[in-house]
Amino acid sequence: MYRVDTQDLAGLSGAATRVVESEFIVQPCESPAQLSPYRAMRRETFVAEQGLFTGTDHDDVDDDPRAVVLVATDRHGTVLGGVRLAPCTATDLGWWAGSRLVVASSARTSGVGPALVRAACAHAESRGVLRFDATVQKRHEPLFTRLGWIRRGDVEVADTPHVAMYWPIDRIERLVSSTKAMLAGVLAPLKAQPLGLGAKGFRGDDGVPVPGSDMIAACDAIIPSMVDRDPEWAGWCAALVNLNDLSAMGADAVGMLDSVGAPTQSRLTRIIRGLANASAAWQVPVLGGHTQAGVPSSLSVTALGRTTDPVPAGGGRVGDRLTLTADVEGGWRRNYQGQQWDSTSRRNSAELAVMASFVARTAPRAAKDVSMAGLAGTTGMLAEASGTGAVLDIFSIPKPDGASMGEWITCFPGFAMITADRPGAPTAPSGPALSAECGELTDIPGVALRWPDGITTRAVTSTVTGLGEA
């Protein structure tokens, strides 16, 4: 690791910068040769020097195989300090804590401590952690505050004043901001027209009831980079996202229209192949559309369905229970680790059909399919359309074993529906998908996450789209 000498940063003007070797590097502990001095340093500091523990500071976290130790070493490999972090629950829910931060007495003014704290935060976020806590000695609170940590309250450890603190993780807020936050402003000219963005009660919904009919229409496009990278998967997903939109409104799909462009016949063929495979799997025909070669990649699909009783996203009320119904089998799509979960391509037509009809058979007050905004963002959109807020119980969310909680509630999950209904309302069988109550609608805007210890953290601070109540 290197750093740039800050005495001269005028590189663009032609002045040279001086690059020197850093005095230490922080990295995950790689061997007993690094772990042993870290633990010896802990005993020396917390047992002998501070008297916080008697005999040893070893605890259950040290025996947890999921625990990660980060160490700071100098250029000779000498351990200068370390910190550990680990999940707080037997099943990893995305709630971790850092602990046993220690720095050698000879290095306590060298910046090792702050560097270890920053590295622990970065490592936690890279692991999909949604809540990261620490209990620090009160005299160290100013350091953590300067680094961006937030006080939760005073506690005592071994009769010594400590402060419970947390690192604010904005993974979900950033996702919402990048995918949905601009919608109200961009769509304002459409909203100003009669029936703009849909009839009242369905404004901004996944699909739209066609006036004067029992028809529901839904339209989605696939981003060009995805079409270029994985044409067959893009074609499959173009059908999937639209059919999910119809399912969320309780509609029975009757057909699709496509608009496809590609620079070559080969890519065009691969896109159509993926769309055709999806059409066969869901047994929903592509009725027609537009196909063009020799142009930049583009792909959009419009799906048509029927229902006499569409389910809105904005039909929820404060106090309604939230249920997530998701297909948690499958795995990450190749090259989309942590972003796109693929279960649908493994399902047969009968399994897809029973999942697609779940909302229609349940008839909840409100429903929305989980989109690229992830579970938390989609829940926020349902709550916004309903004029409410929401809280999700992290420990009740059905999740695949192969995904961290942070990945799962921010990814596109393939097939997943979030529904809201009165407490005790029945839920229809969902075939291979799992259904579980996982929260409720509240009178506080935004989306909160509720943890096993009763603490709630904010995932979405306010509205998601700004479109407001449907």
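Residues numbered from 1 in each chain as written. Predicted model: local features only at pLDDT ≥ 70, side-chain atom pairs only at ≥ 80, totals over all residues. Heavy atoms only, no water.

### Some details on the pairing of strand E6 (residues 95-103)
Step number 1: Bridge count for strand E5 (residues 79-87) against E6 is 6 bridges, and the pairing is antiparallel. Across the sheet, residue Arg84 finds its bridge partner in E6, namely Ser99.
Step number 2: Pairing of E6 with strand E7 (residues 131-137), which is carried by 4 bridges, proceeds in the parallel orientation. The residue bridging Trp96 from the neighbouring strand is Phe132, located in E7. (Pairing = 2+ DSSP bridges. Helix = DSSP H or I, 4+ residues; strand = E, 2+ residues; numbered from the N terminus.)

### Focus: the sheet that holds strand E9 (residues 160-167)
Step number 1: Overall, mixed pairing links the 7 strands, which are arranged E3-E4-E5-E6-E7-E9-E8 in an open sheet. Sheet topology places strand E3 (24-28) and strand E8 (150-157) at the edges, where each strand pairs with a single neighbour. For this sheet the average axis-to-axis angle between neighbouring strands, irrespective of direction, equals 25°.
Step number 2: Running at roughly 30° to E5, helix H3 (residues 112-126) makes contact with E3, strand E4 (68-74), E5, E6, E7 and E9 of the sheet. (Axes fitted to C-alpha atoms, helices over the stretch in contact; angles between N-to-C directions. Contact = heavy atoms within 4.5 Å.)

### Observations regarding the sheet that holds strand E21 (residues 434-442)
By definition, the strands of a sheet pair up through backbone hydrogen bonds, in either a parallel or an antiparallel sense.
Step number 1: Read across the sheet, 7 strands follow the order E18-E20-E15-E21-E19-E22-E23 without closing on themselves; strand pairing throughout is mixed. The two strands at the open ends of the sheet, each matched to only one other strand, are strand E18 (366-369) and strand E23 (456-460). On average, each strand axis in the sheet is tilted by 25° relative to the strand beside it, whichever way the strands run.
Step number 2: When strand E15 (residues 321-326) meets E21, the two strands line up antiparallel, connected through 6 bridges. Bridge pairing links Leu322 to Gly439 in E21.
Step number 3: Of the strands in this sheet, E18 and strand E20 (416-421) are in contact with helix H8 (residues 231-248), which crosses E18 at around 175°.

### Here we look at the environment of Asn348
Step number 1: Tracing the chain through its elements places Asn348 in the loop between strand E17 (341-342) and helix H10 (349-356).
Step number 2: You can call Asn348 partly exposed: its relative accessible area is 40%.
Step number 3: Distance in space between the C-alpha atoms of Asn348 and Ala281 is 6.5 Å, their sequence separation being 67 residues.
Step number 4: In terms of polar contacts, Asn348 uses its side chain to reach the backbone amide nitrogen of Ala350, at 3.1 Å. (Buried < 20%, exposed > 50% of the residue type's maximum accessible area, 1.4 Å probe, protein only. Polar contact = N/O pair within 3.5 Å; in protein donor to acceptor, adjacent residues only side chain to side chain.)

### Some points on the nonpolar core
Nonpolar side chains in soluble globular proteins tend to end up buried together.
Step number 1: If you look at the biggest cluster of nonpolar residues, it comprises 43 residues, and the most contacted ones within it are Ile222, Leu243, Trp282 and Leu299.
Step number 2: Contributions of two or more residues to this core are made by strand E11 (215-222), helix H7 (224-229), H8, strand E12 (252-262), helix H9 (265-282), strand E14 (298-306), H10 and helix H11 (358-362).
Step number 3: Residue contributions to this core peak at 11 residues, all from H8.
Step number 4: Contacts of Ile222, omitting those with residues within four sequence positions, involve Val227, Ala234, Cys237, Ala238 and Leu299. (Core = buried A, V, L, I, M, F, W, Y, C linked by side-chain atoms within 4.5 Å.)

### Describing the pattern of salt bridges
Step number 1: Inspection of the entire model under this criterion finds 33 salt bridges.
Step number 2: Between Asp133 and Arg152 there is a salt bridge whose closest N-O contact spans 3.2 Å. One end of the pair, Asp133, is in strand E7; the other, Arg152, is in strand E8, with 19 residues separating them in the sequence.
Step number 3: A relative accessible area of 10% places Asp133 in the buried class.
Step number 4: Owing to a relative accessible area of 30%, Arg152 belongs among the partly exposed residues under this scheme.
Step number 5: Note that Glu232 is salt-bridged to Arg273, the shortest N-O span being 2.9 Å. Pair noted here: Glu232 is in helix H8 and Arg273 is in helix H9, with a separation of 41 residues, a long-range link.
Step number 6: On the basis of relative accessibility, which here comes to 21%, the residue Glu232 falls in the partly exposed class.
Step number 7: Bridged by salt links that share partners, the residues Arg39, Arg42, Asp57, Asp59, Asp62, Arg84 and Arg100 form one connected network. (Salt bridge = Lys/Arg side-chain N within 4 Å of Asp/Glu carboxyl O.)

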